[in-house]
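The chain contents come next:
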Amino acid sequence: VAVCAGLGVFVLAATAPGWFGFEGGSWEQSAVAAAALLGTLSIANSPAVLVALMSEQGGDGPMAQTALAATVLKDLVLVTLFAIVFAWAGPVLGGEGGHGGAVTGTLIREIGGSVLFGAVAGVLMALYLHRSGANLAAFVVMSGFGISLLCDALGLEPLLAGLTAGLLMRNLWAQEAEPLFEAIEHLSLPVYCVFFAVAGAKLELERLPEVGVAAGILVAARGAFTYAGVRLGTKIGSLDEGSRRRLWTAFMPQAGVVLALASIVNDSLAGQPMGERFF
């Protein structure tokens, strides 16, 4: 799915940069750099949206679990791939941050540090559950704030750290962590309300005439390539026909990590024609 969506959007954007407002002719370096960033961001999906829908509809079957595992794995691939692509594309497009090697080192440090911090947080949370396990609702809230604030102070990615902590607890201490995940589900509704409200607040409808055509092409292309990738992947993986026909819907939402990565691109390209026009 990631290969089809990312590579498909990249080839389309690099072949027809004018459709997306990119400067330069087809396959010129600046257009290729912008297309590479756009293709990378097209890989993203939103585990938060999927979890919210699963919670709302009570979905917990094989297809739902497969979709959740795939979306989480795709986000891990996305963050790593983005670090590599942005290290080259940022300087080509005139972004800040110096040489590609320096950008790569910074992003690798942030990714590695976030994963390490998340692993430590997961171990400490599992230790608390083993020793006490009391007041889980308060513990969930305080842990979330603690991870977020410490990551901000250390220059790490809280989403990646939290993802690592959750993966570690689910796979190494599943029985002890089950009450924690139940408490998280009970607290999820207000969190999702705030999440979707913030996502909606970021939509600037007055810019729709400016970017509407490019956005429409991007949505259509990404949807088509994602559908093709799911059909191919589920066939290779020998999934049932129901998953082949419906699993693609889990990879459509993008609100989540992609907003943070797009903000990084936007901040880096501030004042540059490419950044002001599209990113």
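Here's what I pulled together on the structure shown here. (Residues numbered from 1 in each chain as written. Predicted model: local features only at pLDDT ≥ 70, side-chain atom pairs only at ≥ 80, totals over all residues. Heavy atoms only, no water.)

Things to note about helix α4 (residues 62–92)
Now for step 1: The end-to-end C-alpha separation of α4 is 44 Å, in line with the 45 Å expected for 31 residues at 1.5 Å each.
Now for step 2: Phe86 marks the point of greatest bend in α4, at about 35°.
Now for step 3: Looking one or two residues beyond α4, the residue adopting positive phi is Gly94, at roughly 85°. (Helix = DSSP H or I, 4+ residues; strand = E, 2+ residues; numbered from the N terminus. Expected span 1.5 Å × (residues − 1). Bend = angle between axes of the 7 residues up to and from the residue.)

So, helix α9 (residues 208–236)
Now for step 1: Here α9 contains 29 residues, and its C-alpha end-to-end distance of 39 Å stays within 8% of the 42 Å for a straight helix at 1.5 Å per residue.
Now for step 2: If you check which residues of α9 are buried, you get Val211, Ala214, Leu218, Ala221, Arg222, Gly223, Thr226, Gly229, Val230 and Thr234.
Now for step 3: Immediately beyond the C-terminal end of α9, within one or two residues, lies Ser238, with a positive phi of roughly 60°. (Buried < 20%, exposed > 50% of the residue type's maximum accessible area, 1.4 Å probe, protein only.)

Observations concerning the nonpolar core
Now for step 1: Of all hydrophobic cores here, the largest spans 31 residues; its most connected members are Phe20, Leu37, Leu38 and Phe82.
Now for step 2: Met125, Val140, Met169 and Leu180 belong to the second-largest nonpolar core, a separate cluster that totals 10 residues. (Core = buried A, V, L, I, M, F, W, Y, C linked by side-chain atoms within 4.5 Å.)

Looking at the packing of helix α7 (residues 158–172) against helix α8 (residues 174–201)
Now for step 1: Packing of α7 against α8 brings their axes to within 6 Å, and their N-to-C directions diverge by 130°. Judged on the interaxial angle alone, α8 and α7 are oblique. Of the residues in α8, those in contact with Gly166, Met169, Arg170 and Leu172 of α7 are Ala174, Ala177, Glu178, Leu180 and Phe181.
Now for step 2: For the contact of α7 with α8, the residue count by class is six nonpolar, one polar and two charged. (Axes fitted to C-alpha atoms, helices over the stretch in contact; angles between N-to-C directions. Parallel < 35°, antiparallel > 145°, perpendicular 65-115°, else oblique. Contact = heavy atoms within 4.5 Å. Nonpolar A, V, L, I, M, F, W, Y, C, P; charged D, E, K, R; others polar.)

Comments concerning the environment of Gly166
Now for step 1: Tracing the backbone shows Gly166 in helix α7.
Now for step 2: Residue Gly166 is classed as partly exposed on the basis of its relative accessible area of 22%.
Now for step 3: On a C-alpha basis, the gap between Gly166 and Ala177 in space is 9.2 Å, while along the polypeptide they are 11 residues apart.

Considerations on unusual backbone geometry
Now for step 1: Positive phi values are uncommon outside glycine, yet Asn135 reaches one of about 50°.
Now for step 2: In this fold, Asn135 is placed in the loop between α5 (100–131) and α6 (136–154).
Now for step 3: What makes Asn135 exposed here is its relative accessible area of 62%.

Re the pattern of salt bridges
Now for step 1: Inspection of the entire model under this criterion finds one salt bridge.
Now for step 2: Here Glu178 and Arg170 are joined by a salt bridge, their closest N and O atoms 3.1 Å apart. (Salt bridge = Lys/Arg side-chain N within 4 Å of Asp/Glu carboxyl O.)

A look at the environment of Phe86
Now for step 1: In this structure, Phe86 sits in helix α4.
Now for step 2: Overall, the relative accessible area of 6% leaves Phe86 in the buried class.
Now for step 3: Separated by 179 residues in sequence, Phe86 and Val265 have C-alpha atoms that sit 8.1 Å apart.

Details of a nonpolar patch on the surface
Now for step 1: A cluster of nonpolar side chains, contributed by Leu116, Val120, Leu124 and Leu127, occupies part of the molecular surface with about 380 Å² of accessible area.
Now for step 2: Mapped onto the secondary structure, Leu127 falls in helix α5.
Now for step 3: Accessibility expressed as a relative area gives 41% for Leu127, which makes it partly exposed. (Patch = residues over 30% accessible without salt bridge, like charges linked within 9 Å, V, L, I, M, F, W, Y side chains within 5 Å. Areas by Shrake-Rupley, 256 points an atom, 1.4 Å probe, with all protein chains shown as cover.)

A short note on the packing of helix α1 (residues 2–15) against α9
Now for step 1: Contact pair α1 / α9: the axes reach a minimum separation of 8 Å and the direction vectors enclose 140°. On the basis of their axis angle, the class for α1 and α9 is oblique. Read as a crossing pair, α1 and α9 show a hand that is right-handed. Touching Cys4, Ala5, Gly8, Val9 and Leu12 of α1 are Ile217, Leu218, Ala221, Arg222, Phe225, Thr226 and Gly229, all from α9.
Now for step 2: Of the residues contributing to the contact of α1 with α9, the split by class is eight nonpolar, three polar and one charged. (Left-handed = near helix turned anticlockwise from the far one by under 90°.)

Concerning the environment of Leu261
Now for step 1: Within the secondary structure, Leu261 sits in helix α11 (residues 257–268).
Now for step 2: Take Leu261: its relative accessible area is 7%, and that puts it in the buried class.
Now for step 3: When the C-alpha positions of Leu261 and Leu78 are compared, they lie 9.6 Å apart, and in sequence the two are 183 residues distant.
Now for step 4: Among all residues touching Leu261, those that are not within four sequence positions of it are Leu41, Leu78 and Phe82.

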